[in-house]
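# Structure at a glance
Residue-level listing of the chains:
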Amino acid sequence: MTAYPDSASRSAQLHQRARRVMPSGNSRQTIFFKPYPVYARSGEGCRVVDEDGVERIDFLNNYTALIHGHRHPEVMAAARAQLDRLTAVALPTEAEIALAELLVDRLEGVEQVRFANSGTEAVMMAIKAARAYTGRPRIAKIEGAYHGGYDHAEVSQAATPAAWGPADRPASVANYKGQPKGVLDDVVVLPWNDVEASRALLEAHGADLAAVLIDPIPSRLGLVPISEAYLAMLRETARKLGALFILDEVYCLRLGYRGAQGRLGFAPDLTAMAKIIGGGFPVGAVGGKAEVMAVFGFDDGPPRVPHGGTYNANPVTMAAGLAAMRLLTPEAFARLGALGDRLRSGLRECLKITGRDGQVQGAESLTMLSLSDRPFGTYRDTAYAVRFGEPQAAVHRSLMNRGVLTSPSLLFNLSTPMVEADVDFTLEQVLAALKAL
Ligand SMILES: Cc1ncc(COP(=O)(O)O)c(C=O)c1O
């Protein structure tokens, strides 16, 4: 097996070639890792093979999108059948109705849907819908939470101590140089799970607030879940202030048959979706209560929120997405959940055996191992623990050489082709990597 890193490897050479034509050799910052990412050649089930012929179990699953792993036969058959009929067209197709019906059927907060091409767009459309519905400009989001690349959604996504201000009143920090001040002013940044501080911030901006945007198990916060008290406060305060509740389920729709909202037991006003609903093809969708989604309608005049897009609801994505979602039965989720429990308890055991400090967070098919030497609960803790953790990066590199592909933050996403033996093999590799630290 080619060792990683190896400057003579084909991946290293491809990266050098990429650097001539793309800044840092990259089109997607979120998948880069140092000194160079391995380049993928093929994938099958839960395994991916790189350009040097090295096979690894894929725990990234295109950052959770590939819940059935690579090239699931039924998803491929649906996509192929569609490819043979029609790939893209400036007319609606039946396929988009069928996928929308499935989402409406499963998700309590989704009475109507509109499709787009990414989670970024889904969040953007949800924010615009909330603004149009309330006539207000501002949104509230969690410090450090990732919601994609829409200007308002990315505020304070990667805030650092020099700029982030007091913990109970986080500053609105630009995510890129030159980000308009008007954007920063229209975003209220909340500290995760801090009930009293967040309530005070929301109330202070109440009259201008269109929506509260929440991912209930944010990956950039180490998968520390929302507390019951925090969710209750957010829902109550949003309702009191006349602001909408946007649940970002781009990542966490994979938590169950009825999504994260099913687990949390409430119907958000708007839901942003993407990833698993596209069967491995580019997708995004916003769904919500019919009364709110009416902002996109134009039966009686121009829509309150105009929404076009050359590839919205493209038939290949719709066909693959429908096949992928139909495979996700309650039994399939139960199996993923049991595998996730096995992985999490095994990882905790690895920490115990090696005497390493760390936390294992997550639920169902989402797990993160954070080798932090102090407990954490907010972005400020994880910014210290995950992003700057050298042991974390060392374990990631070591796993690359032990047939396991995860993220540098040690995120382990499960896919349905995985079996207990894959989890057990992975745990053996994690134990070896921890011992080698
Ligand atoms: C919670 C959340 N929201 C939004 C996005 C953006 O989705 P996309 O990458 O499809 O634009 C992501 C991407 O990982 C995400 O995790």
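Residues numbered from 1 in each chain as written. Predicted model: local features only at pLDDT ≥ 70, side-chain atom pairs only at ≥ 80, totals over all residues. Heavy atoms only, no water.

## Section: the packing of helix 6 (residues 195-204) against helix 7 (residues 228-241)
Across the interface, helix 6 lies against helix 7 with an axial gap of 10 Å and an inter-helix angle of 15°. In terms of orientation, helix 6 lies roughly parallel with respect to helix 7. When the axes of helix 6 and helix 7 are compared, the crossing they make is right-handed. Contacts from Val-195, Ser-198, Arg-199, Leu-202 and Glu-203 in helix 6 reach Ala-229, Tyr-230, Met-233, Leu-234, Glu-236, Thr-237, Lys-240 and Leu-241 in helix 7. When grouped by side-chain class, the residues that make up the contact of helix 6 with helix 7 number 7 nonpolar, 2 polar and 4 charged. (Axes fitted to C-alpha atoms, helices over the stretch in contact; angles between N-to-C directions. Helix = DSSP H or I, 4+ residues; strand = E, 2+ residues; numbered from the N terminus. Parallel < 35°, antiparallel > 145°, perpendicular 65-115°, else oblique. Left-handed = near helix turned anticlockwise from the far one by under 90°. Contact = heavy atoms within 4.5 Å. Nonpolar A, V, L, I, M, F, W, Y, C, P; charged D, E, K, R; others polar.)

## Structural notes on the sheet that holds strand 1 (residues 40-44)
Here we have 4 strands laid out as an open sheet, ordered 1-2-3-13, and mixed in their pairing. The open sheet has two edge strands with one neighbour each: strand 1 and strand 13 (404-405). Bridge count between strand 1 and strand 2 (residues 47-50): 4 bridges; the pairing is antiparallel. If you follow Glu-44 over to strand 2, its bridge partner there is Arg-47. (Pairing = 2+ DSSP bridges.)

## Considerations on the packing of aromatic side chains
Per the counting criterion, the structure on display carries 6 aromatic pairs. Judged by centre distance (5.7 Å) and plane angle (75°), the rings of Trp-192 and Tyr-230 are edge-to-face. Placement of Trp-192 in the loop between strand 6 (187-190) and helix 6 and of Tyr-230 in helix 7 is noted, with a sequence separation of 38 residues between them. On the numbers, 5.1 Å between centres and 80° between planes, the contact of Phe-245 with Phe-266 is edge-to-face. Of the two residues, Phe-245 sits in strand 8 (residues 244-248) while Phe-266 sits in the loop between helix 8 (259-264) and strand 9 (270-274), which places them 21 residues apart along the sequence. Across the pair, exposure class does not vary: Phe-245 and Phe-266 are buried alike. Chaining the aromatic ring pairs together yields one cluster made of Tyr-4, Phe-33 and Tyr-36. (Phe/Tyr/Trp six-rings, centres within 6.5 Å; stacked < 30°, edge-to-face > 60°. Buried < 20%, exposed > 50% of the residue type's maximum accessible area, 1.4 Å probe, protein only.)

## Description of the site of the ligand
The immediate surroundings of the ligand are formed by Ser-118, Gly-119, Thr-120, Tyr-146, His-147, Gly-148, Asp-215, Asp-248, Val-250, Tyr-251 and Lys-275. At 2.7 Å, a backbone N or O of Gly-119 approaches an oxygen atom of the ligand. Here an oxygen atom of the ligand sits 2.8 Å away from a polar atom, N or O, in the side chain of Thr-120. Relative to its free-state accessible area of 390 Å², the ligand is covered by the protein chains to the extent of 83%. (Near = heavy atom within 4 Å. Polar contact = N/O pair within 3.5 Å; in protein donor to acceptor, adjacent residues only side chain to side chain. Areas by Shrake-Rupley, 256 points an atom, 1.4 Å probe, with all protein chains shown as cover.)

## What about the domain arrangement of the chain?
Interface size is commonly expressed as the accessible area that is lost once the parts come together. Domain boundaries assigned for the chain yield domain 1 (10-67 + 329-435) and domain 2 (73-327). The C-alpha centroid of domain 2 is placed 25 Å from the C-alpha centroid of domain 1. On the side of domain 2, 33 residues touch domain 1, which itself brings 31 residues to the contact. Summing the contributions of domain 1 and of domain 2, the shared interface buries around 2700 Å²; its carbon and sulfur component is 61%. Considering only the side of domain 1, the residues that lose the most area to domain 2 are Phe-333, Tyr-379 and Arg-380, jointly responsible for 29% of the buried surface there. (Domains from an automatic or database assignment. Buried area = accessible area lost by both parts, 1.4 Å probe.)

## A short note on the side chain of Ser-415
Of note, Ser-415 is situated in the loop between strand 14 (411-413) and helix 14 (420-435). Not counting residues up to four positions away in its chain, the partners in contact with Ser-415 are Cys-46, Asn-61, Leu-66, Ile-67, His-68, Gly-69 and Leu-336.

## Quick look at the nonpolar core
Counting residues in each nonpolar core, the largest one holds 48 residues, and the members touching the most others are Leu-103, Phe-115, Ile-277, Met-325, Leu-369 and Phe-412. In terms of residues, this core owes the most to one element, helix 11 (residues 330-354), which gives 7 residues. (Core = buried A, V, L, I, M, F, W, Y, C linked by side-chain atoms within 4.5 Å.)

## So, the side chain of Thr-416
Following the sequence through the fold, Thr-416 ends up in the loop between strand 14 and helix 14. Not counting residues within four places of it along the chain, the set of residues in contact with Thr-416 comprises Ile-67, His-68, Leu-328, Arg-335 and Leu-336.

## Here we look at the sheet that holds strand 8
On the basis of which strands lie adjacent, the open sheet formed by 7 strands has the order 4-10-9-8-7-5-6 and mixed pairing. This sheet does not close on itself; its edge strands, each paired only once, are strand 4 (112-116) and strand 6. Between one strand axis and the next, the sheet turns by 20° as a mean value, whatever way the strands run. Relative to strand 10 (residues 284-288), strand 9 runs antiparallel, the two being bridged by 5 bridges. Bridge assignment links Thr-271 to a residue of strand 10, and that residue is Gly-287. Each of strand 4 and strand 9 is contacted by helix 3 (residues 94-106), which is oriented at about 130° to strand 4, the strand it contacts most. Contacts between helix 6 and the sheet are confined to strand 5 (138-142), strand 6 and strand 7 (209-214), with strand 6 contributing the most and set at about 170° to the helix.

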